Amino acid sequence: NEIAQSRCAFHTKAMANYWMHNGFLQVEGEKMSKSLGNFVTIRELLTGWKGREWPGAVIRLAMLKTHYHQPIDWTAERLVEADVELGVFKNTVRMANPDRGQVLPDVVSALCDDLNTHLALQALMRKENKPDDLAKTLMWLGVMESNAFELGRIESADRRRAVETAQKKTKKNTLSKEDKKKNRK
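Remember, predicted model here, so these are calculated numbers, not experimental data. In every chain, residue numbers begin from 1 and rise along the written sequence. A pLDDT threshold of at least 70 governs which residues receive local features in this predicted model, and a stricter bar of 80 or more applies before side-chain atom pairs are shown or counted, although totals over entire chains, interfaces and linings include all residues. Excluding hydrogens and water, the side-chain values take into account all heavy atoms of the structure.

(A) View of the packing of helix H5 (residues 105-112) against helix H6 (residues 117-124). Across the interface, H5 lies against H6 with an axial gap of 8 Å and an inter-helix angle of 175°. Comparing their axes, H6 and H5 come out roughly antiparallel. Contact residues: H5 offers Asp106, Val107, Ala110 and Leu111, while H6 offers Thr117, Leu119, Ala120, Ala123 and Leu124. Across the contact of H5 with H6, the residue classes break down as seven nonpolar, one polar and one charged. Only C-alpha atoms enter the line fits that serve as axes; for helices the fit covers just the stretch in contact. Angles between N-to-C directions range over 0 to 180 degrees. The numbering of helices and of strands both runs from the N terminus, where a helix is a DSSP run of H or I of at least 4 residues and a strand a run of E of at least 2. What sets the label is the angle itself: under 35 degrees gives roughly parallel, over 145 gives roughly antiparallel, 65 to 115 gives roughly perpendicular, and the rest give oblique. Contacts are residue-level and defined by heavy atoms, with any inter-residue pair within 4.5 Å sufficient. Nonpolar residues are Ala, Val, Leu, Ile, Met, Phe, Trp, Tyr, Cys and Pro. Charged residues are Asp, Glu, Lys and Arg, and all others, Gly as well, are polar.

Structure representation (structure tokens):
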């Protein structure tokens with residue numbers, strides 16, 4: 001039913017490639033409900049809830065800390081924890097070089113186990129993780145781009161190749177547009 005409603009609402013053939021239901025949403029330990037007056041929207045979280053605007057990355061991390069089968073309890077404390085953990089990730093990888101790192105196998109194993117994001121995040125937060133491995137894993141997950149790392153560091157070879165290819169295409173398109181203008185005259 002949700003799929004049909006979404007397709008009609010957004011006029012698309014397919015709303016998503018994968019559709020999962022999560023556990024019940026709770027706010028401060030109670031079931032989220034308009035009738036209880038504890039209904040919170042993403043917009044409210046972004047623009048100000050519990051006296052603070054919460055960045056999208058913090059909201060996503062707070063949600064991912066719970067396996068999608070389990071109830072998610074939105075609390076200000078949970079969002080503060082996610083904000084701190086995100087800061088730890090950023091500080092840990094600031095001087096890291098993902099080119100020297102390896103994707104953490106425990107993170108991959110957790111995600112392959114019914115998309116267990118809670119377990120994957122626990123694996124990411126282990127103190128014994130090397131900063132280069134953490135950086136490589138965060139880039140592999142799409143959480144951080146290479147520009148999140150310290151300026152002046154050698155960029156990822158893959159990213160550098162992608163940028164060079166894009167620059168060549170742009171230059172080629174620019175030249176061909178100029179050639180077309182010259183030919184018109």
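After that view of the structure, there is still more to cover.
(B) Highlighting the nonpolar core. Side-chain atoms within 4.5 Å link the members of a nonpolar core, which is a set of buried Ala, Val, Leu, Ile, Met, Phe, Trp, Tyr and Cys residues. The rule is simple: take the accessible area with a 1.4 Å probe, protein chains only, and divide by the maximum for that residue type; under 20% is buried, over 50% is exposed, in between is partly exposed. Leu45, Trp49, Trp54, Trp74, Leu79 and Leu124 are the most contacted members of the largest nonpolar core, which totals 28 residues. At the level of elements, helix H3 (56-64), strand E3 (72-74), helix H4 (76-93), H5, H6 and helix H7 (131-141) are the ones that each hand at least two residues to this core. The element that contributes the greatest number of residues to this core is H4, accounting for five residues.

(C) The arrangement of the sheet that holds strand E2 (residues 30-31) in detail. Judged by pairing direction, the sheet is mixed, and its three strands sit side by side in the order E2-E1-E3 without closing on themselves. Two strands bound the open sheet, and with one partner strand each, they are E2 and E3. Note: strand E1 (residues 25-27) against E3, three bridges, orientation parallel. By the bridge assignment, leucine 25 is partnered in E3 with isoleucine 72. Paired strands, in this sense, are two strands between which DSSP finds at least two bridges.

(D) Highlighting the environment of tryptophan 49. Note on placement: tryptophan 49 falls in the loop between helix H2 (42-47) and H3. C-alpha separation for the pair tryptophan 49 and alanine 76, spaced 27 residues apart in sequence, amounts to 8.3 Å. Discounting chain neighbours no more than four positions away, the residues touching tryptophan 49 are Val27, Glu28, Val40, Glu44, Trp54, Trp74, Thr75, Ala76 and Leu79.

(E) H4, seen in detail. The terminal C-alpha atoms of H4 lie 26 Å apart, and with 18 residues this matches the ideal 26 Å at 1.5 Å per residue to within 8%. Those residues of H4 that are buried lie in contact with H2, H3, E3, H6 and H7. A helix is expected to reach a length of 1.5 Å times the quantity of its residues less one.

(F) The side chain of asparagine 116, seen in detail. On the secondary structure map, asparagine 116 appears in the loop between H5 and H6. By relative accessible area, which is 14% here, asparagine 116 ends up buried. Counted as a polar contact is a pair of N or O atoms within 3.5 Å, where, for protein atoms, one must be capable of donating a hydrogen and the other of accepting one, and residues adjacent in sequence contribute only when both atoms are in side chains. Of the polar contacts made by the side chain of asparagine 116, one reaches the backbone nitrogen of leucine 119; its length is 3.0 Å. Excluding residues that lie within four positions of it along the chain, asparagine 116 makes contacts with His67, Ala110 and Leu111.

(G) The arrangement of unusual backbone geometry in detail. One non-glycine residue, aspartate 114, lies in positive phi territory at about 55°. Look at leucine 115: it is not a glycine, yet its phi comes out positive at around 50°. Turning to its location among the elements, leucine 115 is positioned in the loop between H5 and H6. Exposure remark for leucine 115: the relative accessible area of 36% places this residue in the partly exposed category.

(H) Examining the pattern of salt bridges more closely. For this document, the term salt bridge refers to a Lys or Arg side-chain nitrogen within 4 Å of an Asp or Glu carboxyl oxygen. Taken as a whole and assessed by the stated rule, the structure comprises six salt bridges. Close ionic contact of glutamate 28 with lysine 50 constitutes a salt bridge, the shortest N to O distance being 3.8 Å. Residue glutamate 28 is located in the loop between E1 and E2, and its partner lysine 50 is located in the loop between H2 and H3; the two are separated by 22 residues in the primary sequence. For aspartate 83, the salt bridge is made with arginine 52, and the minimal N-O distance between the two is 2.3 Å. Of this pair, aspartate 83 sits in helix H4 while arginine 52 sits in the loop between H2 and H3, and the two are 31 residues apart along the sequence. With a relative accessible area of 24%, aspartate 83 lands in the partly exposed category. Taken together, the shared-partner salt bridges connect Lys65, Glu81 and Glu85 into one network.

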